[in-house]
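# Structure assessment
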There are 2 protein chains.
Amino acid sequence: MKIYVAQQNYHIGNFTLNRDKIIQAVEDGRKAGADLIVFSELSVCGYPPRDFLEFEDFMQQIEKTIHEIAQHSHGMGILVGAPTPNPQPEGKDLLNSALLLYNGKVQGIVSKSLLPNYDVFDEYRYFEPAYSWNCIEFMGKKLAITICEDIWNLGDNPLYRVCPMDELMKQKPDLMINLSASPFDYDHDEDRKEVIRLNVKKYKLPMIYCNAVGAQTEIVFDGGSLVCADNAVIAAEMKYFEEDYLLVDTGNLAGKGDTADATSHHLMTADMRVAKTDDPDTIIAYLTKENNIAQVKEALVLGIRDYFSKMGFTKAILGSSGGIDSAVVLTLAVEALGKDNVTAVLMPSGFSSNHSVDDAVALSQQLGNPYHIVPIQPVYEAILGTLDPLFAGTAFGLAEENIQSRSRGNILMAIANKFGHVLLNTSNKSELATGYGTLYGDMAGGLSVIGDLYKTQVYALAQYLNRPKEIIPGNILTKAPSAELRPNQKDSDSLPDYDVLDRILYLYIERRKDLADIIAAGFDEALVKRALKLVNASEYKRNQFCPIIRVSTKAFGVGRRFPIVAKYLS
Amino acid sequence: MKIYVAQQNYHIGNFTLNRDKIIQAVEDGRKAGADLIVFSELSVCGYPPRDFLEFEDFMQQIEKTIHEIAQHSHGMGILVGAPTPNPQPEGKDLLNSALLLYNGKVQGIVSKSLLPNYDVFDEYRYFEPAYSWNCIEFMGKKLAITICEDIWNLGDNPLYRVCPMDELMKQKPDLMINLSASPFDYDHDEDRKEVIRLNVKKYKLPMIYCNAVGAQTEIVFDGGSLVCADNAVIAAEMKYFEEDYLLVDTGNLAGKGDTADATSHHLMTADMRVAKTDDPDTIIAYLTKENNIAQVKEALVLGIRDYFSKMGFTKAILGSSGGIDSAVVLTLAVEALGKDNVTAVLMPSGFSSNHSVDDAVALSQQLGNPYHIVPIQPVYEAILGTLDPLFAGTAFGLAEENIQSRSRGNILMAIANKFGHVLLNTSNKSELATGYGTLYGDMAGGLSVIGDLYKTQVYALAQYLNRPKEIIPGNILTKAPSAELRPNQKDSDSLPDYDVLDRILYLYIERRKDLADIIAAGFDEALVKRALKLVNASEYKRNQFCPIIRVSTKAFGVGRRFPIVAKYLS
């Protein structure tokens, strides 16, 4: 059987676009001689549709779109993902399904059994799991069709009580097909290959794994769809971070003899999904590993590009401070949107050092993007003057620092509103974690580009962007980080060195280590207490922050949910 | 058996406070002659603990606290709610449990079967449901103990596949006890009484229902714990919106003879939880029903008070515009925090009418709270002057309107930062729904007080607050709503009349009606399309908004989750 794997970038709720994209692939597959075309999870509506699923009309649009796609299935199978009504009266109203369309009709439906409900996933909010399992026969072959998470239940501490492939094996299938919407993080590609090989080794069947690609607000789907022969050798790996198509002859995947040695022999455990090191001495090396940073760069560029194109925007604006964070965001935005579409605004104050403007100008000259210099001193002084009746006699402090930051926010938003830009935020994960930022000031923006990268990772990304040729001026990489909101201020006046802080934060946020564990790992007790308290007490700030392009196993935002009013380590 | 029902206000993660509160009630119950003390769902850690449950130390603190409470159980039963480890290797690591402590030990554990995972609830994120059911014997009686949602599965379209009370009935219990953390909305108290009566009618057993009280950020628990005799008569109803304690002799609840006629004879359906009218002619009457508005007022006052006390703040600040929204918020805040703790800031611009300042001054004089008049014209002009090189030649527009709003936001936050206030937000639900507000301007603030009330409800609440004596000046209630950001501006320049808009919004947001349904209900097609498009296209703004005290069946925020990057009705 010839299978055409379609790795596509959908737009949630944009049924016309998704339908046309799917039908185009069907016609391309037909020309290429395919018998069956495979699409990714919830391809018809895009993943994740969230509470749109509670609207009957949304479900009717899905049904209508499936019907339109089915018109193109004469003599050829189309396997698409979509929510379908739960035929049972009990339980949630919907199932997360794969539908086999053939000769104009729905020939078979299978539904997802293992519904992820952790991190960014909320599938139990909408879907009832499948409680029965059937292979679908197509062209004389029995297809064991699963959806994403369904193949991730292996090992000694499963998150779920059933194993769908074990059930499907009772019907002696010939081939495994998995429809996924599996989000990127900088470790996930290796996990994914491993779990597919482990499934193939266990069931001794080839597998075709079709993933989505493209960013949906904060979640980036990285593609990398896979074809695995029955000896557990990856026969084909599709492109990452872009659409891709592949014709596979299943005859070449079966009967390959002995199972290849997969790279690891351990069974899959729940912990495989989270990053790999708890050793404090190797965390920085792990966080800044070149291969990961290279993938992160691709993910962020795609994240920016898809946010703008899917929201219908073309132009970005950002505050360019001469610091490393805004330099990296500006460089990525120029790659994603084109240099003419990214405006940098340099907003020096009386506390800005000379090099701040010079470095920011040099960067924009290097990138070729438009920039404006808009000093904030008159605005800052007007606000201080206005508040003088209230503030007279008080010392310069946090309020005055924040006034500067919010004056910049106001100026940026005014230009954005006037000329139709979207403000890109430049906060990093170390700042967001510790609350080292000003609400409505430097925390303003429509999309956070590097909010899931610790400061040490921002440096590593800057160095990566400067290869093979220097784009970000060397001075930006070497000077000490500073918010420049008071004379001679340095980040290190308020925060521990990032090399120490980022390791503590990583252990707490990504690895969910407790206070005592982190202290036991060799960090100063007072410092760890202070860092964790800052994280917990800053929840109210992050709660008002924009979406962050997710690249780690635990990003702030939709995948990390803490009560604001709480008293724990705070 | 004598049972002491303890309806308490917990603080998430504040184990010392929760423990001391629970032990105090135990000792009070002991003095009153109780055999058993009943607390609410997850009383030990507070509800909802969210991702704190992923930390081992958090679970250890819970275990330690349970142990400390158990030391007070000599000769007396204590029934507390807490997460417990799932003894099975498969599935989520935790169960949502009730523990019977007696003579210093855990004598029995039962766990929740029906895990709500809709609206504000995410219980599948943390908990595995119970798959087996056992009554707990205590003092010769068999107790059928359930947790919150467990008793809500009645009727013809159940959300779940099991009915825990049906299972428990197989062991012939003597009494039903339910531990709840059931959030307030302005219909929920009637639903709750109804479901308890329906359970009692079905199982012919008395029920003791212990609910939590107090606000946890956006979610308000309203108390109102209930005791129901086996004839389905409510024998006792505990206080709403405050802590309360009650000693019940179960001997007085059983053998009451014929089942009383419950107010309704229909079975409970999933739809009972959502509000009651789809008739466009009765929506406004429903939304502004005096009994509901009275409860809403109590919920908002408690919501403000608990946010401040649990966050460790005492002082609030807000922008007082002379409009109805800020007048209502100011009045509620003064009741919640005391007049000396609420500072109003009046920030007229060149576009403000004279009455704006006069009305706001009159209100603060009436309430007796401190206020400042801080004109924004110098700040506004400084920003315009600074931007003149970029804006020269462009017409006055949205950018200039937003500059004014954000100047006010900047001034309010500066005063808040300087003097340690928390900024109360004054946006209403009609504005938040349609995006009629300025990010970082009037959308700024730490807590939204009336963000779950449509404008028509804000008026009804203002009228309610003015009884028996006028607090909010009559002119504030009668003048046309205006943002006063351009000459002679009225809300009605940009938005439909609130009487029409609010009904469309209610049908879309609370009732999840589709475009076609709302048009079919008799509203103008173009208007409905525009309103729904505004709602969907404003998701990115609401995503950066502060927590909203939830009083309806569908508030913006954690209980309503939509993709930002989507194209559906937008």
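Residues numbered from 1 in each chain as written. Chains lettered and ligands numbered in written order. Predicted model: local features only at pLDDT ≥ 70, side-chain atom pairs only at ≥ 80, totals over all residues.

## A short note on the nonpolar core
The test is simple: Any nonpolar core is a set of buried residues, restricted to Ala, Val, Leu, Ile, Met, Phe, Trp, Tyr and Cys, that join up through C-beta atoms within 7 Å. With C-beta atoms placed from the backbone, a residue is buried if 20 or more other C-beta atoms are within 10 Å of its own, exposed if 12 or fewer are, and partly exposed between those counts. Residue pairs qualify as contacts under a 7 Å threshold applied to their C-beta atoms, which are placed from the backbone.
Residues Val38 and Ala333 of chain A together with Val38 and Ala333 of chain B are the most contacted members of the largest nonpolar core, which totals 369 residues. Beyond its immediate chain neighbours, meaning those up to four positions away, valine 38 of chain A contacts Ile3, Val5, Ala6, Leu79, Ile177, Leu179, Ile208 and Cys210 of chain A.

## Here's the deal with helix α6 (residues 290-311) of chain B
Short version of the rule: Only DSSP runs of H or I covering at least 4 residues are called helices, and only runs of E covering at least 2 are called strands; the numbering of each starts at the N terminus. Multiplying 1.5 Å by the residue count of a helix minus one yields the expected span of that helix.
In this model, α6 of chain B (22 residues) spans 31 Å end to end at C-alpha, consistent with the 32 Å of a helix rising 1.5 Å per residue. Positive phi appears at glycine 312 of chain B, one or two residues downstream of α6 of chain B, with a value of about 85°.

## Observations concerning helix α8 (residues 354-367) of chain B
All names here are of chain B. For clarity, the threshold we go by: What the arc describes is the spread of directions from the helix axis to the C-beta atoms.
Given a rise of 1.5 Å per residue, 14 residues ought to cover 20 Å, and the 20 Å separating the end C-alpha atoms of α8 matches this to within 8%. Turning to α8, its buried residues number three or more, namely Ser356, Asp359, Ala360, Leu363, Ser364 and Leu367. For α8, the arc enclosing every buried residue in end-on projection is 130°, short of the 170-degree limit, so these residues lie on one face. Turned more than 90 degrees away from the buried face of α8 sit Asn354 and Gln365, all of them exposed. Buried residues along α8 sit in contact with α7 (324-337), β16 (342-346), β17 (371-373) and α13 (474-478). Once α8 ends, the next one or two residues include glycine 368, with phi positive near 80°.

## Let's talk about the packing of α7 of chain B against helix α12 (residues 455-465) of chain B
Residue and element names in this part refer to chain B. The criterion, for reference: An axis is simply a line fitted to the C-alpha atoms; with a helix, the fit covers only the stretch in contact. Between two such axes, the angle follows the N-to-C directions and lies from 0 to 180 degrees. In these notes the angle categories are as follows: under 35 degrees is roughly parallel, over 145 is roughly antiparallel, 65 to 115 is roughly perpendicular, and the rest is oblique. In a left-handed crossing the near helix is turned counterclockwise from the far helix by less than a right angle, and in a right-handed crossing that turn is clockwise.
One can describe the packing of α7 onto α12 by two numbers: an axis separation of 10 Å at closest approach and a directional angle of 45°. The angle between the axes of α7 and α12 places the two elements in the oblique class. Our pair here, α7 against α12, has a crossing hand that is left-handed. Here α7 contributes Ile324, Asp325, Ala327, Val328 and Thr331 to the contact with α12, which in turn contributes Val458, Tyr459, Leu461, Ala462 and Leu465.

## Here we look at the interface of chain A and chain B
The line we're drawing: Residue polarity follows a fixed list, in which Ala, Val, Leu, Ile, Met, Phe, Trp, Tyr, Cys and Pro are nonpolar, Asp, Glu, Lys and Arg are charged, and the others, Gly among them, are polar.
Facing 80 residues of chain A, the contacting portion of chain B comprises 80 residues. Within the residue set of the side of chain A that touches chain B, elements represented by two or more residues are α2 (56-70), α6 (290-311), α9 (377-391), α10 (398-419) and α16 (515-520) of chain A. With 14 residues, α10 of chain A is the single largest residue contributor to the side of chain A that touches chain B. Here the side of chain A that touches chain B is composed, by residue class, of 43 nonpolar, 20 polar and 17 charged.

## Side note on the sheet that holds strand β19 (residues 447-448) of chain B
Residue and element names in this part refer to chain B. Filter applied, for reference: Note on pairing: DSSP must find at least two bridges between two strands before they are called paired.
Within the open sheet, the five strands sit side by side as β17-β16-β15-β18-β19. Their pairing is parallel. Among the strands making up the open sheet, the edge pair consists of β17 and β19. Bridging between strand β18 (residues 422-425) and β19 involves two bridges; their strand directions are parallel. Residue pairing for β19: asparagine 425 is matched across the bridge by serine 448. This element, α8, spans β16 and β17 of the sheet and lies at about 165° to β16.

## Here we look at the relation of the copies chain A and chain B
Definition in use: Each copy is superposed on the other by least squares, with the fit set by C-alpha atoms of residues at a pLDDT of at least 70 in both.
For the match of chain A to chain B, the screw axis carries a shift of 0.0 Å, the RMSD comes to 0.0 Å, and the turn is 180°. Such a combination of turn and shift is consistent with a two-fold rotation axis. Across chain A, the rotation axis passes nearest the C-alpha of glutamine 544 of chain A, at a separation of 2.1 Å.

## Here we look at the environment of serine 448 of chain B
Residues and elements named next belong to chain B. By the element assignment, serine 448 lies in strand β19. Placed 56 residues apart in sequence, serine 448 and isoleucine 504 show a C-alpha to C-alpha distance of 22 Å. Excluding residues that lie within four positions of it along the chain, serine 448 makes contacts with Asn425, Ser427, Phe545, Cys546, Pro547, Ile548 and Ile549.

## A few points about the sheet that holds strand β14 (residues 244-249) of chain B
Residues and elements named next belong to chain B. Ordered by their spatial adjacency, six strands build an open sheet running β5-β4-β3-β2-β1-β14, and the pairing between neighbours is mixed. The sheet is open, and its two borders are formed by β5 (105-111) and β14, each paired with just one other strand. Put simply, the sheet's adjacent strands are angled 30° from each other on average, direction ignored. Across the face of the sheet, helix α1 (residues 15-31) comes into contact with β1 (2-7), β2 (36-38), β3 (77-85) and β14 while running at roughly 145° to β2. Each of β3, β4 (94-102) and β5 is contacted by helix α2 (residues 56-70), which is oriented at about 165° to β3, the strand it contacts most.

## Details of the domain arrangement of chain A
Residues and elements named next belong to chain A. This is how the line gets drawn: All the domain ranges listed were derived from an automatic or database domain assignment.
Each assigned domain of chain A is listed here: domain 1 (2-273) and domain 2 (289-491). Computed from C-alpha atoms alone, the centre-to-centre distance between domain 1 and domain 2 is 40 Å. On the domain 2 side, the residues contacting the 10 residues of domain 1 number 10 residues. Counting only elements with at least two residues in the side of domain 1 that touches domain 2, the list comes to β10 (213-216) and β11 (219-222). Among the residues making up the side of domain 1 that touches domain 2, the classes are represented as six nonpolar, three polar and one charged.

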